[in-house]
Amino acid sequence: KELYHDNSLPGYMPLRGDFDYEYCNDAELILADMEFSNDISIKQHNKNEDKNIENVYGNVLFDSKHEHSAEVQLKLNVIDIYNRKLVEREKRKQFVIETGLVDLRKQQQLERSLKSSSH
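Criteria and thresholds
Residues numbered from 1 in each chain as written. Predicted model: local features only at pLDDT ≥ 70, side-chain atom pairs only at ≥ 80, totals over all residues. Heavy atoms only, no water. Helix = DSSP H or I, 4+ residues; strand = E, 2+ residues; numbered from the N terminus. Buried < 20%, exposed > 50% of the residue type's maximum accessible area, 1.4 Å probe, protein only. Contact = heavy atoms within 4.5 Å. Phe/Tyr/Trp six-rings, centres within 6.5 Å; stacked < 30°, edge-to-face > 60°. Lys NZ or Arg CZ within 6 Å of the ring centre and 35° of its normal. Salt bridge = Lys/Arg side-chain N within 4 Å of Asp/Glu carboxyl O.

1. Things to note about the overall build of the chain
Here's step 1: Helix and strand content of the chain: three helices and five strands.
Here's step 2: A buried classification covers 21% of the 119 residues belonging to the chain.
Here's step 3: When contacts within the chain are restricted to residue pairs at least 6 apart in sequence, long-range pairs at least 24 apart make up 48% of them.

Spelled out as structure tokens, the structure:
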């Protein structure tokens, strides 16, 4: 079966619910070369216990013997930025789909009705 339909806008694949090009399409590039050392330990952390501790992402504490805590914190911040971009990407995709902006016929009818009402 085709992923594209005649009544959908170019670049939108309704069977996948996806676009060829999305908001912040290159967002994954900031993670492409990121590496964590093999010795990193991951532990549950209660933020209420010690608010001054570094390298906490959500309620998870990351610790490494070979990476400086500032470097680990920077990497966690980059992951947070990436996750925010993904959330925004999903919001924008849902908005476009839910409002029918991907339906080419609907958009053409709207355009025709706007042109006829302006004359």
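2. Some details on unusual backbone geometry
Here's step 1: Residues other than glycine seldom take positive phi values, yet C24 does so here, at roughly 50°.
Here's step 2: Assignment of secondary structure puts C24 in the loop between β2 (18–19) and α1 (29–32).
Here's step 3: Here C24 falls in the partly exposed class, since its relative accessible area comes to 26%.

3. Structural notes on the packing of aromatic side chains
Here's step 1: The full count for this structure, using the stated rule, is one aromatic pair.
Here's step 2: With centroids separated by 4.8 Å and ring planes inclined at 50°, the aromatic side chains of Y12 and F19 adopt a geometry described as tilted. Grouping residues by exposure puts Y12 and F19 together as buried.
Here's step 3: The ring of Y23 is capped by R92, whose NZ or CZ atom sits 3.9 Å from the centre of that ring.

4. Quick notes on the side chain of R89
Here's step 1: Structurally, R89 is set in helix α2 (residues 69–98).
Here's step 2: Apart from residues no more than four positions distant in its own chain, R89 is found in contact with E22, Y23, C24, N25, A27 and E28.

5. What to know about the side chain of D18
Here's step 1: Tracing the backbone through its elements, the reader meets D18 in strand β2.
Here's step 2: The class of D18 is buried, set by a relative accessible area of 17%.
Here's step 3: The residues contacting D18, other than those within four sequence positions of it, are G11, Y12, M13 and K93.

6. A word on the pattern of salt bridges
Here's step 1: One pass over the full model with this rule turns up nine salt bridges.
Here's step 2: K93 is the partner of D18 in a salt bridge, and the nearest nitrogen-oxygen pair spans 3.5 Å. Linking D18 in strand β2 with K93 in helix α2, this pair joins segments that are 75 residues apart in sequence. Note on accessibility: D18 and K93 belong to one class, buried.
Here's step 3: Here R92 and E88 are joined by a salt bridge, their closest N and O atoms 2.8 Å apart. One end of the pair, R92, and the other, E88, are both in helix α2, four residues apart, so they sit about a helical turn from each other.
Here's step 4: Put simply, R16, D18, E22, E28, R89, E90 and K93 are held in one network by salt bridges that share partners.

All we've got here are geometric facts, nothing functional implied.
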